[in-house]
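Structural characterization, general
Each chain, letter by letter, is given below.
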Amino acid sequence: PTETCYWIDVSIVFDRWATRTSWNVRRINDVGDNIVVKTYDGTWDDRFMLRKESMCLEEGQYQFSIYVSWGGGLGGDGHYNVTSYGQLIVEGAEFRGSETTIFSLPFSPAPSTMPSISYK
């Protein structure tokens, strides 16, 4: 039998210190021994480049974490985002040490907190 899976894309534009950046996706389970699904360590060749990784994951709860070994995140034009079928799960650029986001698949974005305006 085959399992249904849900696509996510991890996109990172690295800064000049790409070798100081790494990320991983872990599946969260009930017993707490979260299983690493994918990990990536930036390389010298990643400097100023866009790196996109796509993966198809089973239904469940996951954790995306991004780390820098020194500094304030992805400097300059560096940034990252995680999406599922074009829906934004998380994005960022400036952070200290690490950032972690927990999300569920299938992904359903939170409802907008912006007030709606009606014109008559």
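Please refer to the structure placed before this passage.
The structure contained in this document is the topic of the report that follows. All values reported here derive from a predicted model rather than from experimental measurement.

1. Focus on the overall build of the chain
Along its length, the chain carries zero helices and eight strands. The N-to-C order of helical and strand elements in the chain reads β-β-β-β-β-β-β-β. Per-residue burial over the chain gives 35% buried out of 120 residues. With the model as given, the accessible surface of the chain reaches about 8,000 Å², and the carbon-plus-sulfur share is 50%.

2. Observations concerning the sheet that holds strand β8 (residues 98-105)
Here we have four strands laid out as an open sheet, ordered β3-β2-β5-β8, and antiparallel in their pairing. Among the strands making up the open sheet, the edge pair consists of β3 (35-41) and β8. Along the sheet, successive strands turn relative to each other by an average axial angle of 15°, direction set aside. Examined bridge by bridge, strand β5 (residues 60-68) and β8 share eight bridges and lie antiparallel to one another. Its bridge partner being in β8, G60 is matched across the sheet by L105.

3. Things to note about the pairing of strand β1 (residues 5-13)
By the criterion of burial, β1 is predominantly enclosed, with seven of the nine residues buried. As judged from the nine bridges shared by β1 and strand β4 (residues 50-58), these two strands associate in the antiparallel manner. Across the sheet, residue C5 finds its bridge partner in β4, namely E58. Taken together, the five bridges between β1 and strand β6 (residues 79-84) define a ladder with antiparallel strand orientation. Bridge pairing links S11 to N81 in β6.

4. Points about unusual backbone geometry
Residue L105 is joined to P106 through a cis peptide bond whose omega torsion reads 0°. Assignment of secondary structure puts P106 in the segment after β8. The backbone of F48 sits at a positive phi, close to 60°, despite the residue not being glycine. Within the element layout of this structure, F48 appears in the loop between β3 and β4.

5. As for the nonpolar core
Counting 23 residues, the largest nonpolar core has I8, V10, W23, V25 and F64 as the members making the most contacts within it. Residue assignment for this core shows that the elements contributing at least two residues are β1, β2 (21-28), β4, β5, β6, β7 (87-92) and β8. Not counting residues within four places of it along the chain, the set of residues in contact with V10 comprises W23, V25, R51, K52, E53, M55, F64, N81 and V82.

Reading the values: rules and limits
- For every chain, the first residue of the written sequence is number 1, and numbering continues from 1 along that sequence.
- The predicted nature of this model means local features are confined to residues of pLDDT at least 70 and side-chain atom pairs, given and counted, to a pLDDT of 80 or more, with totals for whole chains, interfaces and linings taken over all residues.
- The basis for every side-chain value is the complete set of non-hydrogen atoms in the structure, without hydrogens or water.
- A run of H or I in DSSP counts as a helix once it spans at least four residues, and a run of E counts as a strand once it spans at least two, with each numbered from the N terminus.
- Relative accessibility thresholds used throughout: buried, under 20% of the residue-type maximum; exposed, over 50%; partly exposed, between the two (1.4 Å probe, protein chains only).
- Only the protein chains shown count as covering a residue, and every accessible area follows the Shrake-Rupley method with a 1.4 Å probe.
- By definition, two strands form a pair when at least two bridges between them are found by DSSP.
- An axis is simply a line fitted to the C-alpha atoms; with a helix, the fit covers only the stretch in contact. Between two such axes, the angle follows the N-to-C directions and lies from 0 to 180 degrees.
- Put simply, a nonpolar core is a bunch of buried Ala, Val, Leu, Ile, Met, Phe, Trp, Tyr and Cys residues held in one set by side-chain atoms that sit within 4.5 Å of each other.
- What makes two residues a contact is simply this: any of their non-hydrogen atoms within 4.5 Å.

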